[in-house]
Amino acid sequence: MWGLAPAGTRGPRRGLSLEQIVDAAIELADEEGFAALSMNKVAERLGFTAMSLYRYVDSKSTLVEIALDRVLGTPPETPPGTPWRAVLHEWAWAEYRLIAKHAGWLSVRMTAPPLGPNNMAWLEAGLSALGQTRVPEPIKMQLVVNLTLFVIGRARLVTEIDPANPESEGDWDILERVIDPERFPAVTAAMRAQAFEQEDGSWEDLFFERSLGLLLDGYERLIESYD
C-alpha cells in the first residue's frame, strides 16, 4: 500500500499487477457481496491461477486490507481557510457516499484500525480541519474517529433498511395496540406523535444530514469551550 516493496530483478509473470488484483477484488465484492470474495474467484476473473496472485499478495486478509483502503479513495479537497465545520460536513458526506457505493465492504470484520495511505489521508484531512481550533490533539483524534464511526453506522443502517420495502416500516400499528402506556409512557408518546414514521423523500436527510448536524452542533459547543 505504501510503495515500499523493493523492485526485484526476477519479477512475477507479465500481464498481472497488484493494482489489477485489487481492482478485481473490489469489482467482485461490489457485484456479488463480500462473502463471495476469494482468491480463486479473483484469479478466475483475471484469467490466472490463484497461485499467481500469491506472488503479489500473501493472503486474502492482506488483499482485503489493501482493497478496503483503495475503496475509500481520497478525501475531498477544500480551499485553505474553510471553517472546520464546513470541512467536516463535506468530509462526512464524501465518506458516506463512498461507503454507499461499495456497501458490500461494510460486512468486513475490522480487527485493527485501518492504516493504509488513503485512510491516513482522511485522518489527516479531519485533523487538519480541527487544526484551526484550540482543542487538544487527543480530543481532535477522538472527534475525527467518532465522526467516521457515525458515518459507518449510518451507512450500514441505510444499506440494511430499504424504505421502499414495506417490511422495513415495522409493525407499529400492532405495537401500538399491545404496548402498555404505563410501562412505556415515553415510547407511547413517541408513537402517538408518529415519531417513527418515515418522511417521504427525506430518507438520507432524516438518517444522515439531520443527525450529522446534531453531531456537529455538539462538536461546536465543545470547541467553543476551549476558546
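Once a new chain begins, its residue numbering starts again from 1 and follows that chain's sequence as written. Where local features are concerned, this predicted model is filtered to residues with pLDDT of at least 70; where side-chain atom pairs are given and counted, the filter is 80 or more; whole-chain, interface and lining totals use all residues. Excluding hydrogens and water, the side-chain values take into account all heavy atoms of the structure.

Per an unreviewed UniProt entry, the chain is named TetR/AcrR family transcriptional regulator, and its organism is Nocardia flavorosea.

### With respect to the overall build of the chain
Scanning the chain from terminus to terminus reveals 10 helices and 0 strands. Elements are defined by DSSP. Helices are runs of H or I of four residues or more, strands are runs of E of two residues or more, and each kind is numbered from the N terminus. Along the chain direction, N to C, the helices and strands of the chain fall in the order α-α-α-α-α-α-α-α-α-α. Think of it in three bands: residues with accessible area under 20% of the maximum for their type are buried, residues over 50% are exposed, and the middle band is partly exposed, with areas taken using a 1.4 Å probe on protein chains only. Counting across all 227 residues of the chain, residues that qualify as buried make up 33%. The contacts in the chain between residues at least 6 apart in sequence include a share of 72% that link residues at least 24 apart. In this description, accessible areas are obtained by the Shrake-Rupley approach with a 1.4 Å probe, and a residue is regarded as covered only by the protein chains that are shown. Accessible surface, the chain as shown: approximately 14,200 Å² in total, 54% of it carbon and sulfur. Contact definition: two residues touch when any of their heavy atoms are within 4.5 Å.

### With respect to helix α1 (residues 18-32)
One turn of the α-helix equals 3.6 residues, which is why residues spaced by three or four share an orientation. Its 15 residues give α1 an end-to-end C-alpha distance of 21 Å, which sits within 8% of 21 Å, the value for a rise of 1.5 Å per residue. In the core, the buried residues of α1 are packed alongside α2 (39-46), α3 (50-53) and α4 (60-72). Multiplying 1.5 Å by the helix residue count minus one yields the expected span of that helix.

### Points about the UniProt feature "DNA-binding region" (unreviewed entry) in the chain
Here, the residues flagged by UniProt with the feature "DNA-binding region" (unreviewed entry) are residues 38-57. For residues 38-57, the end-to-end C-alpha separation is 13 Å, with 60% helix and 0% strand making up the annotated structure. UniProt positions are given in the numbering used here, feature names are shortened, and annotations may be inferred rather than shown by experiment.

### Observations concerning the packing of helix α5 (residues 84-101) against helix α6 (residues 117-129)
An axis is simply a line fitted to the C-alpha atoms; with a helix, the fit covers only the stretch in contact. Between two such axes, the angle follows the N-to-C directions and lies from 0 to 180 degrees. At a minimum axis distance of 9 Å, the contact between α5 and α6 shows a crossing angle of 160 degrees. The angle between α5 and α6 falls in the class roughly antiparallel. The chirality of how α5 crosses α6 is left-handed. Only Trp122, Ala125, Gly126 and Ala129 of α6 make contact with α5, whose side of the interface consists of Trp84, Val87, Leu88, Trp91, Ala94, Glu95 and Leu98. Residues are grouped as follows: Ala, Val, Leu, Ile, Met, Phe, Trp, Tyr, Cys and Pro are nonpolar; Asp, Glu, Lys and Arg are charged; every other residue, Gly included, is polar. A class-by-class count of the residues in the contact of α5 with α6 yields 9 nonpolar, 1 polar and 1 charged. Note on terminology: angles under 35 degrees are roughly parallel, angles over 145 are roughly antiparallel, angles of 65 to 115 are roughly perpendicular, and the others are oblique. For any pair of crossing helices, the crossing counts as left-handed if the nearer helix is rotated counterclockwise from the farther one by less than a right angle, and right-handed if it is rotated clockwise.

### A look at the packing of α1 against α4
Where α1 meets α4, the closest approach of the two axes is 9 Å, and the angle between their N-to-C directions is 80 degrees. By the angle class used here, α1 and α4 are roughly perpendicular. Here Leu18, Glu19, Ile21, Val22, Asp23, Ala25 and Ile26 of α1 lie close against α4, whose contacting residues are Leu63, Ile66, Ala67, Arg70 and Val71. Broken down by class, the residue content of the contact of α1 with α4 amounts to 9 nonpolar, no polar and 3 charged.

### A word on the nonpolar core
Nonpolar core, defined: a set of buried Ala, Val, Leu, Ile, Met, Phe, Trp, Tyr and Cys residues in which side-chain atoms within 4.5 Å join the residues together. Ranked by internal contacts, the top residues of the largest apolar core, which has 30 residues, are Leu88, Leu147, Phe208, Leu212 and Tyr219. Looking at this core, the elements that each hand over two or more residues are α5, α6, α7 (137-160) and α10 (203-224). Of the residues forming this core, the biggest block, 9 residues, is contributed by α5. The next biggest cluster of nonpolar side chains, apart from the first, holds 24 residues, and it includes Ile26, Ile66, Val71 and Trp105.

### Re the pattern of salt bridges
Salt bridge, as used here: a side-chain nitrogen of Lys or Arg that lies within 4 Å of a carboxyl oxygen of Asp or Glu. Within this structure, the stated rule accounts for 8 salt bridges. With a closest N to O distance of 2.6 Å, Asp23 and Arg70 form a salt bridge. One end of the pair, Asp23, is in helix α1; the other, Arg70, is in helix α4, and 47 residues separate them in sequence. Here Arg45 and Glu31 are joined by a salt bridge, their closest N and O atoms 2.9 Å apart. Linking Arg45 in helix α2 with Glu31 in helix α1, this pair joins segments that are 14 residues apart in sequence. Since its relative accessible area comes to 32%, Arg45 is described here as partly exposed. Judged by relative accessible area, Glu31 falls into the exposed class, the value being 55%. If you follow the salt bridges from partner to partner, you end up with Glu27, Glu31, Glu32, Lys41 and Arg45 in one network.

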